[in-house]
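What follows is each chain in one-letter form.
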Amino acid sequence: MILPIRVYGDPALRVQTEDVTEDSPELQQLIDDMIETMRGAAGIGLAAPQVGRTERLFIVDLSPLLDEMAPEERAALPPQPMVFINPDIVWESEADVEFEEGCLSIPDIREIVIRPEQIRIEYLDRHFEPQALDVDALLARVIQHEFDHLEGVLFVDHISAFRRRLLRRRLRDMTKGNVEADYPLATSVA
Ligand code: NI
């Protein structure tokens, strides 16, 4: 089932998520729904708060970008989609890298964000098997963006005060529900 996506200004995007404590048919259904929702919106990642949930859970699917990847990056990519339950970023490289980001919860806005180039993440996969992964390039970028969502952090929180001021009106409009996308949104009109 495709779930409506919460938009910038929605308090659900600012919650502190909680660890998933047990597997259940409901959790597996939520994961399936999130994958369907992400694909329906042509996204490459989606975190639980974006569909109004508080589980520490996000998904990533870079398969739409396979053609754009260097052969080595493609070869190193784990099977997609990936499910991250109770994730923890346990190491970050000192080296940072710039990358342009967008977010399904902030339609039509893209901004350069600086983040660590490489990370190590520990998590449970959807079968509740513990996993540890060293990642770089696009996968590291998307994982860090989605991980932020579990902490109530959005990519526009990372940009300069100057850049944010330029976006102020558009972000305020979104907060008021004045926003459109070609996928279902749950706009919270105040
Ligand atoms: Ni996002």
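Keep in mind the model is a prediction, meaning the values are calculated, not measured. (Residues numbered from 1 in each chain as written. Predicted model: local features only at pLDDT ≥ 70, side-chain atom pairs only at ≥ 80, totals over all residues. Heavy atoms only, no water.)

### A word on the packing of aromatic side chains
In this description, a pair of aromatic rings is defined by centroid distance and the angle of the planes.
Next up, step 1: Tallied over the entire structure, the rule returns two aromatic pairs.
Next up, step 2: Both rings, one in Phe84 and one in Tyr123, keep their centres 4.3 Å apart while their planes meet at 45°; by these two values the pair is tilted. Highlighted residues: Phe84 in strand β4 (residues 82-92) and Tyr123 in strand β7 (residues 119-124), separated in sequence by 39 residues. Grouping residues by exposure puts Phe84 and Tyr123 together as buried. (Phe/Tyr/Trp six-rings, centres within 6.5 Å; stacked < 30°, edge-to-face > 60°. Helix = DSSP H or I, 4+ residues; strand = E, 2+ residues; numbered from the N terminus. Buried < 20%, exposed > 50% of the residue type's maximum accessible area, 1.4 Å probe, protein only.)

### Considering the pairing of strand β8 (residues 130-135)
Next up, step 1: Two strands pair when backbone bridges link them, and β7 and β8 are joined in this way by six bridges, in the antiparallel orientation. Across the sheet, Ile119 pairs through a bridge with Val135, a residue of β8.
Next up, step 2: Remark: five residues form the turn of the hairpin made by β7 and β8, two consecutive strands paired antiparallel; Phe128 in that turn has positive phi of roughly 65°. (Pairing = 2+ DSSP bridges.)

### As for the side chain of Asp125
Next up, step 1: Along the polypeptide, Asp125 turns up in the loop between β7 and β8.
Next up, step 2: Buried charge Asp125 goes without a salt bridge, the closest partner of opposite sign being Arg126 at 7.9 Å.
Next up, step 3: A polar contact is formed between the side chain of Asp125 and the backbone nitrogen of His127, at a distance of 2.8 Å.
Next up, step 4: A distance of 2.8 Å separates the side chain of Asp125 from the side chain of Gln131, its partner in a polar contact.
Next up, step 5: Apart from the residues lying within four places of it in its own chain, the contact partners of Asp125 are Val83, Ile85 and Gln131. (Lys, Arg positive; Asp, Glu negative; His and termini not counted. Salt bridge = Lys/Arg side-chain N within 4 Å of Asp/Glu carboxyl O. Polar contact = N/O pair within 3.5 Å; in protein donor to acceptor, adjacent residues only side chain to side chain. Contact = heavy atoms within 4.5 Å.)

### A word on helix α3 (residues 137-150)
Next up, step 1: The end-to-end C-alpha distance of α3 is 21 Å, a good match for the 20 Å that 14 residues give at a rise of 1.5 Å each.
Next up, step 2: Most of α3 sits out of view: 13 of its 14 residues are buried.
Next up, step 3: Phi for Gly152, located one or two positions after α3, is positive at around 75°. (Expected span 1.5 Å × (residues − 1).)

### Quick word on the coordination of the nickel ion
Next up, step 1: Looking at the nickel ion, the protein donor atoms are Cys103 (SG), His145 (NE2) and His149 (NE2), and they sit 2.1 to 2.2 Å from it.
Next up, step 2: Linear spacing of the donor residues for the nickel ion on their chain is C-x41-H-x3-H. Here Cys103 is found in strand β5 (residues 96-103), whereas its partner His149 is found in helix α3, with 46 residues between them in sequence. We note that Cys103, like His149, is buried. (Donors = N, O, S within 2.8 Å, 3.2 Å for Na, K, Ca; no water.)

### Observations concerning the environment of Gly45
Next up, step 1: Along the chain, Gly45 turns up in strand β2 (residues 45-47).
Next up, step 2: A relative accessible area of 8% places Gly45 in the buried class.
Next up, step 3: For the pair Gly45 and Val60, spaced 15 residues apart in the sequence, the C-alpha separation amounts to 4.2 Å.
Next up, step 4: If near-sequence neighbours (up to four positions away) are discounted, Gly45 is found in contact with Met38, Gln50, Ile59, Val60, Leu104, Val142 and Glu146.

### Brief notes about the sheet that holds β4
Next up, step 1: With antiparallel pairing, five strands are arranged side by side in an open sheet as β2-β3-β4-β7-β8. Bordering the open sheet on either side are β2 and β8, each of which pairs with just one other strand. Sheet twist, expressed as the mean angle between neighbouring strand axes with direction ignored, is 35°.
Next up, step 2: Those strands touched by helix α1 (residues 25-40) are β2, β3 (57-60) and β4, and its axis lies near 40° from that of β3. (Axes fitted to C-alpha atoms, helices over the stretch in contact; angles between N-to-C directions.)

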